[in-house]
Protein chains: 2
Amino acid sequence: MASTIKHILMLKFKDDLTEEKKQQLIDGYAALPSKIDVMKGFEWGTDLSVENLHQGYTHVFISTFDSTAGRDAYLGHEVHREYAADLLVNLDKVLVVDFAPRVVPIPVSTS
Amino acid sequence: MASTIKHILMLKFKDDLTEEKKQQLIDGYAALPSKIDVMKGFEWGTDLSVENLHQGYTHVFISTFDSTAGRDAYLGHEVHREYAADLLVNLDKVLVVDFAPRVVPIPVSTS
């Protein structure tokens, strides 16, 4: 059965990277949905947490796929592979977790 | 300016936890939106990634807030504080990253 898969990547860039190179890598990631049609959603941002539990990660990127098959097609896609090769050599830390979201309904506020 | 904040928590439970206790902690987390009205969205799942970059994390939980003020109210909420105290002592690993999502529009497929 196909179900939505969210693919979370967190990273910390190498300290010696220029801001220009960091931005180029972020822009490159954000351009993937226009080139890889199994990407059904994409959002990213920088860490704004205040609990000091970010474990050094500074950026998060969440890609959405329709199924694990879509995720697999993305991972094997030549455009992704080329991008990932460039990205990974510029990172101090990287983490990837994929999950099939179980969405908990939010009660409607009556206030 | 208020903007949506997504709060990602990843964890690995302690190895000696029973499945019952793990489920109790997951259910407890999923019950928070019914008790803390600044929670505007909640989804969770277990790691399904295939790249072996999960860094030991096995579960992910994403809570959504309307603003950093909402996130701050959540963190300070007594129900959250009690839950978090119970959760944290049962974890081997925990990571929290919050971000204000920049959503990249997805091209409409013409195929």
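Shown above is the structure to which this text applies.
Each residue is numbered by its place in its chain's sequence as written, counting from 1. Chains carry letters and ligands carry numbers; both start at the beginning, A for chains and 1 for ligands, and go up in the order they are written. In keeping with the model being predicted, local features are shown solely for residues with a pLDDT of at least 70 and side-chain atom pairs are shown and tallied solely at 80 or more, while totals for entire chains, interfaces and linings include all residues. The side-chain figures draw on all heavy atoms in the structure; neither hydrogens nor water molecules are used.

Peer 1: Help me understand the pairing of strand β2 (residues 41-46) of chain A, please; the structure alone is not making it clear to me.
Peer 2: Two faces belong to every sheet, and in a regular strand the side chains alternate between them. Partly exposed residues are those whose accessible area sits between 20% and 50% of the maximum for their type, while under 20% is buried and over 50% is exposed, using a 1.4 Å probe and protein chains only. Per the convention used, a helix needs a DSSP run of H or I reaching at least four residues, while a strand needs a run of E reaching at least two, with both numbered from the N terminus. The element β2 of chain A is extensively covered by neighbouring structure, given that five of its six residues are classed as buried. As judged from the two bridges shared by β2 of chain A and strand β5 (residues 102-103) of chain B, these two strands associate in the antiparallel manner. From the neighbouring strand, Glu43 of chain A faces β5 of chain B, where its bridge partner is Val103 of chain B. For two strands to pair, DSSP has to find at least two bridges joining them.

Peer 1: How should I be thinking about the pattern of salt bridges in this particular structure?
Peer 2: Residues and elements named next belong to chain A. By salt bridge we mean one thing: a side-chain nitrogen of Lys or Arg within 4 Å of a carboxyl oxygen of Asp or Glu. Applying the stated criterion across every chain yields a total of 14 salt bridges over all chains. The closest approach of N and O atoms between Lys12 and Asp15, which form a salt bridge, is 2.8 Å. Overall, the relative accessible area of 67% leaves Asp15 in the exposed class. Here the salt bridges do not stand alone but share partners, grouping Lys12, Asp15 and Asp92 into one network.

Peer 1: I keep staring at the sheet that holds strand β3 (residues 59-65) of chain B and nothing clicks. Help me out?
Peer 2: Where strands meet in a sheet, backbone hydrogen bonds hold them as pairs that are either parallel or antiparallel. Spatially, five strands are ordered β5(A)-β2(B)-β3(B)-β1(B)-β4(B) in an open sheet, and the strand pairing comes out antiparallel. Of all strands in the sheet, those bounded by a partner on one side alone are β5 (102-103) of chain A together with β4 (91-99) of chain B. A contact between two residues is defined here by any heavy atoms of the two lying within 4.5 Å. Angles shown run from 0 to 180 degrees and are taken between the N-to-C directions of axes, each axis being a line fitted to C-alpha atoms and, for helices, limited to the stretch in contact. Strands β1 (5-13), β2 (41-46) and β3 of chain B of the sheet are contacted by helix α1 (residues 19-31) of chain B, whose axis makes an angle of about 170° with β1 of chain B.

Peer 1: I tried to follow the relation of the copies chain B and chain A on my own but got confused; where do I start?
Peer 2: The superposition of copies rests on a least-squares fit of C-alpha positions from residues with pLDDT of 70 or more in both. For these two chains of identical sequence, chain B goes onto chain A by a turn of 180° and a shift of 0.0 Å along the axis, with RMSD 0.0 Å. When the rotation and shift are considered jointly, the pair of chain copies conforms to a two-fold rotation axis. Across chain B, the rotation axis passes nearest the C-alpha of Ile8 of chain B, at a separation of 4.8 Å. Taken as a fraction of all interface residues of chain B, those also at the interface in chain A reach 100%, which identifies the copy contact as same-surface.

Peer 1: Looking at this structure, how should I read the packing of aromatic side chains?
Peer 2: Where two aromatic rings form a pair, the distance of their centres and the angle of their planes describe that pair. All names here are of chain A. Working definition: rings of Phe, Tyr and Trp (its six-membered ring) pair if their centres are within 6.5 Å, and the pair is stacked with planes under 30 degrees apart, edge-to-face with planes over 60 apart, and tilted otherwise. Per the stated rule, a full pass over the model turns up 12 aromatic pairs over all chains. With 4.5 Å between their ring centres and 20° between their planes, Tyr29 and Phe61 make a pair best called stacked. You can see Tyr29 sitting in helix α1 (residues 19-31) and its partner Phe61 sitting in strand β3 (residues 59-65), a full 32 residues away along the chain. The two residues Tyr29 and Phe61 agree in class, both being buried.

Peer 1: Got a minute to help me understand the nonpolar core in this structure?
Peer 2: Nonpolar side chains in soluble globular proteins tend to end up buried together. All names here are of chain B. Buried Ala, Val, Leu, Ile, Met, Phe, Trp, Tyr and Cys residues form a nonpolar core when they are joined through side-chain atoms within 4.5 Å. Ranked by size, the top nonpolar core spans 24 residues in total, and within it Phe13, Tyr29, Phe42, Phe61 and Tyr74 carry the most contacts. Elements supplying a minimum of two residues to this core: β1, α1, β2, β3, α2 (68-76), α3 (78-88) and β4. Beyond its immediate stretch of four places on either side in the chain, Phe13 contacts Lys22, Leu25, Ile26, Thr58, His59, Leu87, Asn90, Leu91 and Asp92.

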